[in-house]
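If you want the building blocks of each chain, they are given just below.
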2 protein chains.
Amino acid sequence: MNQNWLSKFPPLPEDFSGIGQPIDLARWELSRFLPESAFSLKVEPEMGDAFLLSGSTITGGETGVLYGAYALLRHLQGGAPLPASSRPRYPLRMINCWDNMDGSVERGYAGRSLFFEGGQFVYHPARLRHLGRMMASVGLNVLCINNVNVHEPAQGLLDELLPDLSALADLFRPFGVRLMVSVDFSMPLRAGLATADPLDGRVQTWWAQTAARVYREVPDLAGFLVKADSEGRPGPFTYGRSHAEGANLLARALKPFGGVLVWRCFVYNCRQDWRDASVDRPKAAFDTYQPLDGQFDENVILQIKNGPFDFQVREPVSPLLLSMEKTNMALEVQLAQEYTGQQIDLYTMAPLWKEIFADLEPDRLSAVAAVSNLGRDDNFFGHPLAAANFFAFGLLTWNPEISPEETVSLWIALTYDLDASSRQTLLRWMMNSRRIYEKYTAPLGLGWMITPHSHYGPNPSGYEYDLWGTYHRASHTAVGIDRTAAGTGYLTQYPPELQARYQNASSCPDLLLLFFHRLPYDFVMKDGRTLIQRIYDDHFEGAAEAAELEKALAAIPFPEPDRTVILERAEKQRLNAENWRDVINTFFHRLSDLPDARGRTIYP
Amino acid sequence: MNQNWLSKFPPLPEDFSGIGQPIDLARWELSRFLPESAFSLKVEPEMGDAFLLSGSTITGGETGVLYGAYALLRHLQGGAPLPASSRPRYPLRMINCWDNMDGSVERGYAGRSLFFEGGQFVYHPARLRHLGRMMASVGLNVLCINNVNVHEPAQGLLDELLPDLSALADLFRPFGVRLMVSVDFSMPLRAGLATADPLDGRVQTWWAQTAARVYREVPDLAGFLVKADSEGRPGPFTYGRSHAEGANLLARALKPFGGVLVWRCFVYNCRQDWRDASVDRPKAAFDTYQPLDGQFDENVILQIKNGPFDFQVREPVSPLLLSMEKTNMALEVQLAQEYTGQQIDLYTMAPLWKEIFADLEPDRLSAVAAVSNLGRDDNFFGHPLAAANFFAFGLLTWNPEISPEETVSLWIALTYDLDASSRQTLLRWMMNSRRIYEKYTAPLGLGWMITPHSHYGPNPSGYEYDLWGTYHRASHTAVGIDRTAAGTGYLTQYPPELQARYQNASSCPDLLLLFFHRLPYDFVMKDGRTLIQRIYDDHFEGAAEAAELEKALAAIPFPEPDRTVILERAEKQRLNAENWRDVINTFFHRLSDLPDARGRTIYP
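Residues numbered from 1 in each chain as written. Chains lettered and ligands numbered in written order. Predicted model: local features only at pLDDT ≥ 70, side-chain atom pairs only at ≥ 80, totals over all residues. Heavy atoms only, no water.

1. Topic: the pairing of strand β12 (residues 300-305) of chain A
Residue and element names in this part refer to chain A. For β12, the tally of buried residues reaches six of six residues, placing the bulk of the element in the interior. Here β12 shows a buried face lined by Val300, Leu302 and Ile304 and a second buried face lined by Ile301, Gln303 and Lys305. Examined bridge by bridge, strand β11 (residues 260-264) and β12 share four bridges and lie parallel to one another. Looking across to β12, one finds that tryptophan 263 is bridged to leucine 302. (Buried < 20%, exposed > 50% of the residue type's maximum accessible area, 1.4 Å probe, protein only. Helix = DSSP H or I, 4+ residues; strand = E, 2+ residues; numbered from the N terminus. Pairing = 2+ DSSP bridges.)

Shown next as structure tokens:
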């Protein structure tokens, strides 16, 4: 089993009986590399996750000493800078698994569930301890184990499966990792109540009793995660209640036990009619939640996706993240490469997150969450290099100002023993990988030109007449949707500075041009090229770069089995990129009838 | 339970112990309507399925007396003409169920499987006897119970599930219905052999022993049905053998027991590259099978779909059906409305079959088969009017020259007690229903502009860049594929008379124009309209007619529960037709930039 950025760490002990608390683990980890006399650990509980490094002493909270130990080991193993003191920016640093209890993983690209099979908890403790170690080593501390789309029998996690949940919480406790569970808003109905109305006293009592039962078994449960009133999920709208009323219902049940209620703000009309141009899906989250600012209890966290759509290769930052003044918010990103190559195509996410934090003051947030890219594959991530996204996300939750280059080069140094030139090559291609994927897929912020359902490979009009609100409206003359005040008005949800940035097509950043504007194919870009020529050029470049990427990766002496897996996937990526190039170019050529100025092959 | 065209027949007896043979059933059925003294039955076994009606005496083979009884009852109940004698055109008149043993039905639109659930035989004997009665009453005599895509545990039908298969055969025997099973070419591998090569002696022995085992349990099994080397199924190509070698392998195993081997000719490259315009999927069946003419054993039947694609609303007759001189062939049609409205939209098929037989000499065929539209819904067919397709198919297998109007009006008379005006209205709309569906869906023989996977609703480019060979190549200026000798050459697979009919765009029938030709939008049709205007007009007309259809059906006094189901579906059809109209019109308008000459609404 490849251990990725922990590859230089020895395996965890089979017998874990002596390791019950994070400090035990910290001592065990450090003593693999240092004589016991060379370090000391000192717990000051009020320090929590924070730590101080002073001489040979690590002082920290109960979990802080463990984070301090891993910071020291990252320094020793990978040359990471050694801080004198450190505390995480966010108290909750969360991984959301979309695992179903039948063993499948929604949008999972690394094999089946690490936790479940056949409706039951089925796992290898050693593998899950390794997951705990991966999380702790990069500062992650909350693991939501089941899909936000809660399918039976996952509802039993609050009931007949509680003993199993408790055992799993015990397993993760030495790693400072607390569990969270996704719950279904309609659970009271399953329990026999006639309603799940948040203002109904019986419903409130049922949730209070349920929370009490759960916390008896798992006293340090982080809380509940809910997706309500979205994509077919039940929610407070069923009862004519607001999402604040819905979220507070659960938050009040959790409050006596210190739990948080994480409420996903992924709500939109998913029965849209493409003919109705007055509805614009990116407006939905802001329209639904912004008016509720101030109505949420203090232990509610609204979890908001980075962009207003759904994890496309490029979206502007969600305006909702910029507009809630009196509400706890978590930023949600997606490590699972649902729309971004599915852990076949190389796609390094740290640059994307950097862009988000360029527009989003980190202190607006209370927490950060990522949809998991984990699975039962030997290497946990499907693509060995996809591990870098998990790694970098962890460091980002601790310090959102960290540079993408720093996290990726540290990950490389920890994972592989490569010569300096190979390290540089790998870093460069990993840093470029998002832009390459972007070039050969949907152009300039348009998004969604992807195969429906599978979300891999091109289908430029696959979502064009569908119910999901994801339209490009490409015609013979023009493409895109005007989202300024003159169009759908989405842009007016932003603060003035961002409105100014995107308002005019002549000054709007190229890579979001077609997100905000409808433009004719002969629109002249800032560099003098026409829009259509820019689309063609990007697609020829993107596919050419995917071919170069394959060659570059082949020249790097990765160890096996990583090398074989990386090269198999690089070949698939090259073919995928060629197909994207040709489909997108043909699509626009058939529509516009405009030739490539350089006469390259566009299939008829 | 609605009993459809048997609605005036009393329920079958609960206790079937006295009805072991078709003659017993014939006597029971007749005695519901006539005094025992008013008829007599006389079996002359060598008459087989044929019968004579003479005065009060029905003389026929063991099954013939039953068919004679039903002919008499159709006459008494519905006014069908009473023949003095009759024999079916085809000895095998087959229904192919695509039922999986998990209870699902591939392309099933009437509920789950009538036979299976949870990997086992699970059925209600009374419902299956009613199915047997439906089949016998229209002359159908073979029922293939499991999906041609054979999934585990269906392979057990030849093995551990044989006792269950035998019991089911017993159940259907009084109805003159013999079972058939779909088998997987690779079954010897499952049994532990190292190969499934048809020329390997061990493989031949294994199939011979398997057939012997099966026929010990089910002596009157009709035979095996195989889909090989297609859409991911294993087949003789795996071993470098021809399909004649593959089919003969199984046919020789069945021969000692009088079984037939039905071999589906649905073979094509389903990993096509849309960029390679030299490959044309409609050519595949002819290219694969025609050179093998004369190489198949006499108990092999090649089962060939009516058209060269896959059950689109309009296709020319498959050239393979016109070109095999020394091979037994079965025509395959699809009662399941996979691409034709899924038993939501009204779609009467008898006119389609009539067109096939206009080009296909009936005596070229040895058998006729239809993919089932049956399921566990109360009414067996989802849409009550979809039963007419099953009914009409039965009569067609007996007499392919029967007129569509005759079968449909007989079905109406048997099914509903309606006044003459309502009967006329219903007949007219049922006869028009295919043309209505055609008008609002893919235009003029183009096909495939349907939502991938689900195959309901429009997605004009959903299959355009896919692997299935189903392209329209619509551009700013033109649409369609040239399939003449100057293009892909598909047309050259036809006899000269059909080549002449389709060769020139100026004389090619309108409704197949875009199947055979690539044409500019300003091409002038025979009636003087441009191609684009014809497309717009058809789509406005089709949707308007679907709206009229809804009104017409609402005015007919159908009994409940049929009325409710029919009107619910008619409303869905109207909405579907409106969406098709708008999507197809918008698609072509965006491409061509050409306006509707009549200024009707085309969404931008």
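More follows now that the structure is in view.
2. Some details on the confidence of the model for chain A
A residue-level look at chain A finds 100% of positions with pLDDT of 70 or above and a mean pLDDT of 96. Interface scoring of the predicted complex returns ipTM 0.90; its pTM is 0.93. (pLDDT = per-residue confidence, 0-100.)

3. Describing the relation of the copies chain B and chain A
Turning chain B through 180 degrees and shifting it by 0.0 Å along the axis lays it on chain A, with an RMSD of 0.0 Å. Taken together, the rotation angle and the small translation identify this as a two-fold axis. Taken as a fraction of all interface residues of chain B, those also at the interface in chain A reach 100%, which identifies the copy contact as same-surface. (Least-squares fit on C-alpha atoms with pLDDT ≥ 70 in both. Contact = heavy atoms within 4.5 Å.)

4. Let's talk about the sheet that holds strand β3 (residues 57-60) of chain B
Residues and elements named next belong to chain B. Strand order in the open sheet formed by four strands is β1-β3-β2-β4, with mixed pairing between adjacent strands. Single-partner strands in this sheet number two, and they are β1 (40-43) and β4 (85-86). As defined by bridge partners, strand β2 (residues 51-54) adjoins β3 across four bridges and the pair is classed as antiparallel. The residue bridging serine 54 from the neighbouring strand is threonine 57, located in β3. On top of the sheet, helix α1 (residues 22-33) reaches β1 and β3; it is set at about 165 degrees to β1, its chief contact. (Axes fitted to C-alpha atoms, helices over the stretch in contact; angles between N-to-C directions.)

5. What about the interface of chain B and chain A?
Counting from both sides, the interface comprises 25 residues of chain B and, opposite them, 25 residues of chain A. Summing both sides of the interface, chain B and chain A together bury roughly 2,200 Å²; the carbon and sulfur share of this comes to 53%. On the chain B side of the interface with chain A, the three residues burying the most area are Arg275, Tyr465 and Arg590 of chain B, jointly 36% of the side's total. Along the contact surface separating chain B from chain A lie four salt bridges. In the side of chain B that touches chain A, the residues fall into nine nonpolar, nine polar and seven charged. (Buried area = accessible area lost by both parts, 1.4 Å probe. Salt bridge = Lys/Arg side-chain N within 4 Å of Asp/Glu carboxyl O. Nonpolar A, V, L, I, M, F, W, Y, C, P; charged D, E, K, R; others polar.)

6. As for helix α12 (residues 420-440) of chain B
All names here are of chain B. The first and last C-alpha atoms of α12 sit 30 Å apart over 21 residues, in line with the 30 Å expected at 1.5 Å per residue. Where α12 bends most, the angle comes to about 45 degrees, and this point is serine 433. A side-chain oxygen of the first residue of α12 lies 3.1 Å from the backbone nitrogen of serine 421; this N-cap is aspartate 419. (Expected span 1.5 Å × (residues − 1). Bend = angle between axes of the 7 residues up to and from the residue. Polar contact = N/O pair within 3.5 Å; in protein donor to acceptor, adjacent residues only side chain to side chain.)

7. Looking at the nonpolar core
Soluble, globular proteins show a tendency: their nonpolar side chains are buried together. Among the nonpolar cores identified, the biggest contains 425 residues, and Leu131 and Phe588 of chain A together with Leu131 and Phe588 of chain B are the most heavily contacted of them. In this view, phenylalanine 588 of chain B contacts Pro443, Leu446, Met449, Ala474, Val479, Tyr521, Ile532, Ile535, Tyr536 and Asp593 of chain B; residues no more than four positions away in its chain are not counted. (Core = buried A, V, L, I, M, F, W, Y, C linked by side-chain atoms within 4.5 Å.)

8. Considerations on the packing of helix α6 (residues 201-217) of chain B against helix α7 (residues 243-254) of chain B
Residues and elements named next belong to chain B. Close contact between α6 and α7 brings their axes to 8 Å; oriented N to C, the two are set at 40 degrees. Here α6 lies oblique to α7, going by the angle between them. Crossing geometry of α6 relative to α7 is assigned as right-handed. Of the residues in α7, those in contact with Val203, Gln204, Trp207, Ala208, Ala211 and Tyr215 of α6 are Leu249, Leu250, Ala253 and Leu254. For the contact of α6 with α7, the residue count by class is nine nonpolar, one polar and no charged. (Parallel < 35°, antiparallel > 145°, perpendicular 65-115°, else oblique. Left-handed = near helix turned anticlockwise from the far one by under 90°.)

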